[in-house]
Amino acid sequence: MSRQALDTASEESLVEHIKAGDPEAFEWIVNHWSGSMLSVARSIVGTDLASDVVQDTWLSVIRSVRRFEGRASLRTWTFRILVNACHKRAKVQRAELPAAFGDGAAADSADGTGGPSVDPGRFLSSGQWAGHWAVFPEPWPNPVDGALAVELREQLAAALATLPSRQRAVVVLRDVNGLTSDEVCAILEITAENQRVLLHRGRATLRARLEEYLDRRPVAVAHGGSAEEASGERIGPEGAGGGVDDGAS
């Protein structure tokens, strides 16, 4: 099956070709899904084990694809194998797998203690709009606008790593890899309501962490200005050794 035909093939056709041993069809799903699978594996078992887990998953897919019955999409089925492989690898390595899919309200909080992900004071406590933002958060900066793009991505990755594992898994699947709500529920074996709660809490925590980071930065830099404008100093040969407030960086 040609690559051009694979780009427009239905899932039924793709499954048939993979079951028949078509190497180009299998190569197509490997090329299109491995990146997303790697990011999911990293969110569960960490960077060191992620590549090995993805390889194990593809081997499992090769061995079992002929038994695929189509009760879920091929992608959902493959990602479910990936999640199981993460559990297995963590057990083999005697590593403590984060409770990404376990019970316990504490895992859903920002710090794992069961407390709220975001300061309750930021929400209305009564009236028609109780539970909504008291003051709506400022829009996030456009990641392609200004010199903060790379730095913001680094901060976002760091904030994502601090999320409780259940929230991180849902956020990575939905917002990083673009899976649908139904796919995430099937892959993680959680209810639609649980998925919505975890996604909301994860997003709210990420927003709060990025707002804290931006609030700590000098105003001019946060809005795309230079470090010189932020400090109020002109940095040149005559002032390179002093006169710049260390707190501005």
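Engineer: I'd like a rundown of the overall build of the chain, residues and numbers included.
Structural biologist: Scanning the chain from N- to C-terminus turns up 11 helices and zero strands. Secondary structure elements in the chain, listed N-terminal to C-terminal, are α-α-α-α-α-α-α-α-α-α-α. Considering the chain as a whole, with its 249 residues, one finds that 37% of them fall into the buried category. A sequence separation of at least 24 residues applies to 59% of the contacts in the chain between residues at least 6 apart.

Engineer: Report on the pattern of salt bridges, specifying residues and quantitative values.
Structural biologist: Pairing between side chains of opposite charge can happen when the charged atoms of each approach one another. Per the counting criterion, the structure on display carries seven salt bridges. In this structure, Glu189 and Arg80 form a salt bridge, with 3.6 Å as the shortest nitrogen-oxygen distance. On the criterion of sequence distance, the pair formed by Glu189 in the loop between α8 (181–188) and α9 (192–216) and Arg80 in helix α5 (residues 74–92) is long-range, its members being 109 residues apart. By relative accessible area, which is 60% here, Glu189 ends up exposed. Judged by relative accessible area, which is 17%, Arg80 ranks as buried. When salt bridges with common partners are traced through the structure, they connect Asp52, Asp56 and Arg89 into a single cluster.

Engineer: Report on the nonpolar core, specifying residues and quantitative values.
Structural biologist: Residues Ile18, Ile29, Trp58, Phe79, Leu82, Leu173 and Leu188 are the most contacted members of the largest nonpolar core, which totals 46 residues. The leading source of residues in this core is helix α3 (residues 23–45), at 10 residues.

Engineer: Residues and numbers for the confidence of the model for the chain, please.
Structural biologist: Regions with low pLDDT carry predicted coordinates that are not meant to be interpreted in detail. Averaged over every residue, the pLDDT of the chain is 75; residues scoring 70 or more account for 65%. This stretch, residues 95–114, has a pLDDT under 50; its non-local contacts, to residues over four places away or in other chains, come to 47 contacts. Low pLDDT, under 50, characterises residues 219–249; the stretch is placed with 19 contacts to residues that sit more than four places away or in other chains.

Engineer: Pulling in residues and values, what's your account of the environment of Ile62?
Structural biologist: Mapped onto the fold, Ile62 is located in helix α4 (residues 47–64). A relative accessible area of 44% means that Ile62 is categorised as partly exposed. Expressed as a C-alpha distance, the spacing of Ile62 and Phe26, which sit 36 residues apart in the sequence, is 8.7 Å.

Engineer: I'd like to hear about the packing of α3 against α4, residue by residue, with values.
Structural biologist: The geometry of α3 relative to α4 is characterised by a closest axis approach of 8 Å and an angle of 140 degrees between their N-to-C directions. With respect to each other, α3 and α4 are oriented oblique. In this structure, α3 meets α4 at a crossing whose hand is right-handed. Residues Phe26, Ile29, Val30, Trp33, Ser34, Met37, Leu38, Ala41, Arg42 and Val45 of α3 touch α4, and the partners they reach there are Thr47, Leu49, Ala50, Ser51, Val53, Val54, Thr57, Trp58, Val61 and Ile62. Of the residues that constitute the contact of α3 with α4, the class distribution is 15 nonpolar, four polar and one charged.

Engineer: Pulling in residues and values, what's your account of the packing of aromatic side chains?
Structural biologist: Counted under the stated rule, the structure contains two aromatic pairs. Where Phe26 meets Trp58, the ring centres are 5.6 Å apart and the plane angle is 80 degrees; that geometry is what we call edge-to-face. On the criterion of sequence distance, the pair formed by Phe26 in helix α3 and Trp58 in helix α4 is long-range, its members being 32 residues apart. Taken as a pair, Phe26 and Trp58 share a single burial class, namely buried. Ring centres 5.1 Å apart and planes at 55 degrees place the aromatic pair Phe68 and Trp77 in the tilted group. You'll find Phe68 and Trp77 in the same group, each marked buried.

Engineer: Go over the environment of Leu199 with me, naming the residues and quoting the values.
Structural biologist: Secondary-structure assignment places Leu199 in helix α9. Exposure remark for Leu199: the relative accessible area of 7% places this residue in the buried category. Considered as a pair, Leu199 and Val171 are 28 residues apart in the sequence and their alpha carbons are 5.8 Å apart. Those residues within four positions of Leu199 in sequence are excluded, and the remaining contacts are Val170, Val171, Arg174 and Asp175.

Engineer: Can you tell me about the side chain of Ser43, naming the residues and giving the values?
Structural biologist: You can see Ser43 is positioned in helix α3. Here Val40 takes part through its backbone oxygen, which lies 2.6 Å from a polar atom of the side chain of Ser43. Setting aside chain neighbours within four positions, we find Ser43 in contact with Arg168, Ala169 and Val172.

Engineer: Explain the side chain of Thr57 to me, using residue names and the numbers behind them.
Structural biologist: Looking at the secondary structure, you find Thr57 in helix α4. Judged by relative accessible area, which is 0%, Thr57 ranks as buried. Beyond its immediate chain neighbours, meaning those up to four positions away, Thr57 contacts Met37, Thr78, Ile81, Leu82 and Ala85.

The rules we used
Residues numbered from 1 in each chain as written. Predicted model: local features only at pLDDT ≥ 70, side-chain atom pairs only at ≥ 80, totals over all residues. Heavy atoms only, no water. Helix = DSSP H or I, 4+ residues; strand = E, 2+ residues; numbered from the N terminus. Buried < 20%, exposed > 50% of the residue type's maximum accessible area, 1.4 Å probe, protein only. Contact = heavy atoms within 4.5 Å. Salt bridge = Lys/Arg side-chain N within 4 Å of Asp/Glu carboxyl O. Core = buried A, V, L, I, M, F, W, Y, C linked by side-chain atoms within 4.5 Å. pLDDT = per-residue confidence, 0-100. Axes fitted to C-alpha atoms, helices over the stretch in contact; angles between N-to-C directions. Parallel < 35°, antiparallel > 145°, perpendicular 65-115°, else oblique. Left-handed = near helix turned anticlockwise from the far one by under 90°. Nonpolar A, V, L, I, M, F, W, Y, C, P; charged D, E, K, R; others polar. Phe/Tyr/Trp six-rings, centres within 6.5 Å; stacked < 30°, edge-to-face > 60°. Polar contact = N/O pair within 3.5 Å; in protein donor to acceptor, adjacent residues only side chain to side chain.

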